[in-house]
Amino acid sequence: MYVEPWPPSPEPLAFTDPWEYELAFPGDPRGPGIARMTLRAVLAAHGVPELIERAELLTSELTTNSVRHAKGSASVRLRWTHPVLRVSVSDTVPFLPATLRSPTLEAGSGRGLFILDRVADRWGGCALGDSLLGPGGKSIWFELAVRTGPPPPQTPPALVA
C-alpha cells in the first residue's frame, strides 16, 4: 500500500530557476573544507557539474583567506541565476584585499587574487556596512557561467511493488 507523504513534497526546481544557499562558519581552519564540500554537493544536486572544479578552487582561495586574515566568522553564499553562478565570501574585516599583482616565483603566498582573476569569468568585492549585529566587513565575489544547456531530465526510479 502506497501512502502519499503529507505535506506533499515540492517539485524540484527547473534548471533555469533561480536559487540561493548560504553557509556561515566560524574562524576555524576546517571551515574552507566544509565550504568546498557544501558547494560541491549543491552544484551536483542542481545539475551544474561543469562549474564544480573552478568554483571549488576559487571558494577554497577566498574562504582560506577569510580564516587566515579575518580571525572571526565568515559566510559563503551561492546564488544561481541561469546561466551564472555567483559565489560570495563575506567576513568581518572591512578592508578589501590589496591590488592585484603578479606573484613572484619565490612568494609563499599572495596568489589568491591572481588565481581569481585568471579562473573567474567576473569578480569583485565591496565593503559591508555596520549592522545591528556589529561592525561591517567585506564581501569578495566571483561569477562563473555555464556554457552548456540544462542536464537531461532524471527518470524516477521504478516503484517496487
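First, a word on scope: everything that follows refers to the structure included in this document. None of the values given here were measured: they were computed from a predicted structure.

**Regarding the nonpolar core**
Proteins that are soluble and globular tend to have nonpolar side chains buried together.
Thought 1: In terms of nonpolar packing, the biggest core is built from 28 residues, with Leu43, Leu51, Leu78, Trp80, Leu85, Leu116 and Phe142 touching the most fellow members.
Thought 2: Of all the secondary structure elements, the ones that give two or more residues to this core are β1 (19-25), α1 (31-45), α2 (52-70), β2 (74-81), β3 (84-91), α3 (112-119) and β5 (138-145).
Thought 3: For this core, the element with the most residues is α2, which contributes five residues.
Thought 4: Aside from chain neighbours lying at most four places away, what touches leucine 78 is Trp19, Glu20, Tyr21, Leu39, Val42, Leu85, Arg86 and Val87.

**Here we look at the environment of aspartate 17**
Thought 1: Tracing the backbone through its elements, the reader meets aspartate 17 in the segment before β1.
Thought 2: Sequence separation between aspartate 17 and histidine 82 is 65 residues, and the spatial gap between their C-alpha atoms is 7.0 Å.

**Here's the deal with the pattern of salt bridges**
Thought 1: In this structure the tally under the stated criterion is 11 salt bridges.
Thought 2: Put simply, arginine 40 and glutamate 53 hold a salt bridge, and the shortest N to O gap is 3.1 Å. Of this pair, arginine 40 sits in helix α1 while glutamate 53 sits in helix α2, placing them 13 residues apart in sequence.
Thought 3: Aspartate 117 is the partner of arginine 118 in a salt bridge, and the nearest nitrogen-oxygen pair spans 2.8 Å.
Thought 4: For arginine 118, a relative accessible area of 53% gives the class exposed.
Thought 5: For aspartate 117, a relative accessible area of 30% corresponds to the partly exposed category.

Definitions and limits used
Residues numbered from 1 in each chain as written. Predicted model: local features only at pLDDT ≥ 70, side-chain atom pairs only at ≥ 80, totals over all residues. Heavy atoms only, no water. Core = buried A, V, L, I, M, F, W, Y, C linked by side-chain atoms within 4.5 Å. Buried < 20%, exposed > 50% of the residue type's maximum accessible area, 1.4 Å probe, protein only. Helix = DSSP H or I, 4+ residues; strand = E, 2+ residues; numbered from the N terminus. Contact = heavy atoms within 4.5 Å. Salt bridge = Lys/Arg side-chain N within 4 Å of Asp/Glu carboxyl O.

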